Amino acid sequence: MEIKELGGGVSNRVWLVEEPAGRYVIKQSLDRLRVAEEWLADRSRIFRERQSLEDAARFLPAGAVPRVLWADDANFRFAMSAAPPEAATWKSQLLEGRLEPALAAHVGVLLGLLIRHTWCDPAMERRYGDQTAFDQLRLDPYYRTIARRHPEVAGRVAELLAASAARRVSLVHGDWSPKNFLVHGGHVFPPGLPAAGPHRRQEPGRVPHRRAGAGEGAPDGGGPDPGPDRFAGGIFAPDMSYRIEKLDAWQILDSRGNPTVAVECRLEGGTRATAMVPSGASTGRHEAVELRDGRSVARAVGHVNQDLHALLAGADAREQAALDRAMIALDGTPNKSRLGANALLGVSMAVARAAATEADVPLWQYLAGSRRPSLPVPMINILSGGLHAGRQLEFQDFLVIPHGYPGLDEMLEATVAVHRRAADLIVAAGYVLTGVADEGGLGPRLGSNGEAVELLARAIEPEAGRMSIALDVAATHFFRDGYYELEGRRLDAAGMRDLLAEWLDRYPLVSIEDPLAEDDWDGWRNLTARLGSRCRLVGDDLFCTHPARLERGVREGAANSVLVKMNQIGTLTETFQVIDGAREAGFGAVISARSGETEDAFLADLAVASGAGQIKIGSVTRSERLSKYNRLLEIAGREWTG
């Protein structure tokens, strides 16, 4: 046996092992890069590299990539087959300053196959979406170091990083490397050729067909198969009608009279689409940052009109995931505090709506991609407390779920009757109705949260068996120094659990949102173990629509459902990441509005597209709520074929 250590670059150690039976290579990742300065990197990147070889082998001809022979995860290394000494490799030829045209063509074919099979594949996105290793091995040692040392070019470097993020949509090693920036003068792909191309697996914001017309197939969820002719102009030859021409934002008012952001996306084909961003009152501290100056959103508007327009002008609107990643990269903060989640979400929504309009398909159908859409059952607010109703009660919302009706119109008709019956019961009991709350619910001045549940149970009695109760406790807002200050009492997590268990015994209660505080992980685990088999335990402030927090909840057995609010995370791609992650983990998902809403009905299409099965809009009053219900009725009555 002969062992020879090879170069391995700055981030790995590589050995060539030659035995009588054959030759192979061992590769081991380093935690400290072999450079002058002290740069550290996560060694677990080697696991993803090994997985990428195994994935590529599924799509490419035998022998096109090294075969993984064995893995030693404890020592961060694996072995793979080695090319014979006489074999020509594109990398060796590049190092020699030459490249045979035949070999270049062969490599191009292989890359084309790899791109076609991995293009915008949700499974690949989940597997390789973590950019930690790339940041540590490419961005920090090269570009960010340059930016730190040379402030005069820092802005241009940030633009290059964000532009490359917009084009990294397939599994191709090295497509962000410094070499590629140099090859094309600062662009991963040649100027004027934004990434776009054919694929079979659709994801949100990706429709590969033109507007249906005479002689063309009508849209049917995925549209006509693009066919091999799409390769005729090269894989980077987008339909110019989908290119983003202009992003324009302005300040509008939400349903509480507070400023929020509206964004219009205009495509080169002439299509225009507008999106309006919701805003919350009861916000968790782990939410993405809504950028404001006092109440004004002028800075967020400015970021859309300047930074984000400059970033995305000319990009293909169908590349939703790539565009969202580009905006996240340009922001460069973990909570979107530089550009603002309200700026990013407005663009993300407007781009998706523009692409769907240009494709001439309903928004829900466009967003669904390969998912199985479904019409959701609404969770409807009847009584309100907490921050939504001037803290008349500690609990925030008392809701009904009309699950026993044949269609949405019957569900809403029955709920309107319950809403009116509840108002009559409040007046008959001598309580004061303080007005309509932020989300349209009744805001009575009741004596206790228990009275509110009892009143709601009486209001739904005529609908027994077809309608159940849900609660939004919003416990974070009355959690102080380790205790829940409720109606003059101080309860620990066990006390809250026992109270809710008693109500589960007495009432048709099937869903409880935020029964404990956003960081009371021990309490959540114990509560879920005790009550999780009896009802849906929904994490709102607990998860904040954040993939990492949801993963922790799944891992630790905290909650069994997630509330999904687009503006808690700031892009459609990340929103769908949470929805899909919940489904894979066996968690439920509830698509939710915010207390500060607009007349934009985007949420209704999102709920149908996601297939989550449940939506929480608010009550059956106020036009910003009814716009979403009416959009659901339109989908059910005019667009839905089952």
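The structure displayed is predicted, hence computed values, not measured ones.

Visitor: So what about the packing of helix α9 (residues 320–331) against helix α18 (residues 572–585)? Which residues, and what values?
Guide: Running from N to C, α9 and α18 cross one another at 110 degrees; their axes reach a closest spacing of 8 Å. The pairing of α9 with α18 is recorded here as roughly perpendicular in orientation. Where α9 approaches α18, its residues Q320, A321, D324 and I328 are matched on the opposing element by L572, T573 and E574. Partitioned by chemical class, the residues of the contact of α9 with α18 number 3 nonpolar, 2 polar and 2 charged.

Visitor: Go over the sheet that holds strand β6 (residues 244–253), please, and point to the residues and values.
Guide: Within the open sheet, the 3 strands sit side by side as β6-β7-β8. Their pairing is antiparallel. The sheet is open, and its two edges are formed by β6 and β8 (272–276), each paired on a single side. The sheet shows a mean angle of 20 degrees between the axes of neighbouring strands, taken without regard to direction. As judged from the 9 bridges shared by β6 and strand β7 (residues 259–267), these two strands associate in the antiparallel manner. Following the sheet pairing, D248 is matched in β7 by E264. Running over the sheet, helix α8 (residues 298–312) touches β6 and β7 and is turned about 175 degrees from β6. The strands touched by helix α10 (residues 341–359) are β6, β7 and β8; relative to β7, the strand with the most contacts, the crossing angle is about 35 degrees.

Visitor: An account of the pattern of salt bridges is requested, with residue identities and associated values reported.
Guide: Summed over the entire model, instances satisfying the criterion amount to 41 salt bridges. Of the charged contacts, one joins D472 and K616 as a salt bridge, the two residues approaching to 3.2 Å between their closest N and O atoms. Here the residue D472 occupies a position in strand β13 (residues 468–472), and K616 occupies one in strand β21 (residues 614–618), the gap between them amounting to 144 residues. Taking the relative accessible area as the measure of exposure, D472 reaches 2% and is therefore buried. Of the residues examined, K616 reaches a relative accessible area of 5% and is grouped as buried. Taking the shortest distance from any N to any O, the salt bridge between R525 and D522 comes out at 1.9 Å. Linking R525 with D522, this pair stays in helix α15 (residues 521–531), spanning 3 residues, or about one helical turn. Within this structure, D605, R631, E634, R638 and E639 form a network of salt bridges that share partners.

Visitor: Tell me about the side chain of K628, and name the residues and values.
Guide: Along the chain, K628 turns up in helix α20 (residues 623–639). Using a relative accessible area of 1% as the deciding quantity, one classes K628 as buried. For K628, the side chain forms a polar contact with the main-chain oxygen of T598, separated by 2.6 Å.

Visitor: Hey, could you go over the packing of helix α19 (residues 602–610) against α20 for me, with residue numbers and the actual values?
Guide: Orientation of α19 relative to α20, taken along the N-to-C sense of each, is 50 degrees, at an axis distance of 8 Å. With respect to each other, α19 and α20 are oriented oblique. The hand of the α19/α20 crossing is right-handed. Listed contacts from α20 to L603, A604, D605 and V608 of α19 are K628, R631, L632 and I635. Considered class by class, the residues forming the contact of α19 with α20 number 5 nonpolar, no polar and 3 charged.

Visitor: Describe the environment of G557, listing the residues and the values that go with them.
Guide: Note that G557 resides in the loop between α16 (547–556) and β19 (561–564). In the structure, G557 is positioned 35 residues away from D522 in sequence and 9.9 Å away in space, judged by C-alpha atoms. In this view, G557 contacts W524, R525 and T528; residues no more than four positions away in its chain are not counted.

Visitor: Quick one: what's the story with the sheet that holds strand β1 (residues 2–6), residue by residue and with numbers?
Guide: Spatially, 5 strands are ordered β1-β2-β3-β5-β4 in an open sheet, and the strand pairing comes out antiparallel. The sheet is open, and its two borders are formed by β1 and β4 (68–72), each paired with just one other strand. For this sheet, the mean inter-axis angle between neighbouring strands, taken without regard to orientation, is 20 degrees. By the bridge criterion, 5 bridges tie strand β3 (residues 22–29) to strand β5 (residues 77–81) in an arrangement that is antiparallel. Paired with I26 across the strands is A79, a residue of β5.

Visitor: Outline the pairing of β5, listing residues and values.
Guide: Where β4 and β5 come together, 4 bridges link them in antiparallel fashion. Within the sheet, the bridge partner assigned to W70 lies in β5 and is A79. Linking two consecutive strands that pair antiparallel, namely β4 and β5, is a turn of 4 residues; a positive phi of about 55 degrees is found at F76 within it.

Visitor: Quick rundown of helix α14 (residues 493–506)? Include the residues and the values.
Guide: Counted at 1.5 Å a residue, the expected span for α14 with its 14 residues is 20 Å, and the 20 Å between its end C-alpha atoms agrees. Within α14, the full set of buried residues consists of G495, M496, L499, L500, A501, W503 and L504. Taken together, the buried residues of α14 touch α13 (449–459), β13, β15 (483–486), β16 (489–491), β17 (509–513) and α15. In this structure D492 caps α14, since a side-chain oxygen of it lies 3.2 Å from the backbone nitrogen of A494.

Visitor: Can you lay out the nonpolar core for me, pointing to particular residues and giving the numbers?
Guide: Ranked by internal contacts, the top residues of the largest apolar core, which has 127 residues, are L308 and L471. Tallying contributions element by element places α10 first for this core, with 12 residues. Aside from chain neighbours lying at most four places away, what touches L308 is L247, H303, M327, L330, L339, A343, L344 and V347.

Calculation notes
All residue numbers refer to positions counted from 1 along the written sequence of the respective chain. Only residues with pLDDT of 70 or above have their local features reported here, since the model is predicted, and side-chain atom pairs are shown and tallied only from 80 upward, although totals for entire chains, interfaces and linings are computed over all residues. Note that the side-chain values use all heavy atoms of the structure and ignore hydrogens as well as water. Only C-alpha atoms enter the line fits that serve as axes; for helices the fit covers just the stretch in contact. Angles between N-to-C directions range over 0 to 180 degrees. The helix and strand labels rest on DSSP assignments: H or I over at least four residues marks a helix, E over at least two residues marks a strand, and numbering proceeds from the N terminus. With respect to orientation, any angle under 35 degrees is reported as roughly parallel, any angle over 145 as roughly antiparallel, any angle of 65 to 115 as roughly perpendicular, and every other angle as oblique. Contacts are residue-level and defined by heavy atoms, with any inter-residue pair within 4.5 Å sufficient. Under the convention adopted here, Pro, Cys and the residues Ala, Val, Leu, Ile, Met, Phe, Trp and Tyr are nonpolar, Asp, Glu, Lys and Arg are charged, and Gly plus all remaining residues are polar. Two strands pair under a simple rule: DSSP has to find at least two bridges between them. The salt bridge definition used is simple: a Lys or Arg side-chain nitrogen within 4 Å of an Asp or Glu carboxyl oxygen. Burial classes: relative accessible area under 20% of the type maximum marks a residue as buried, over 50% as exposed, and values in between as partly exposed (1.4 Å probe, protein chains only). Counting of polar contacts relies on pairs of N or O atoms within 3.5 Å, with two restrictions inside protein: one atom must be capable of donating a hydrogen and the other of accepting it, and residues adjacent in sequence are counted only when both atoms are side-chain atoms. When the near helix sits turned anticlockwise from the far one by under a right angle, the crossing is termed left-handed; a clockwise turn instead gives a right-handed crossing. Expected span of a helix: the number of residues minus one, times 1.5 Å. To form a nonpolar core, buried Ala, Val, Leu, Ile, Met, Phe, Trp, Tyr and Cys residues must be joined to one another through side-chain atoms within 4.5 Å.

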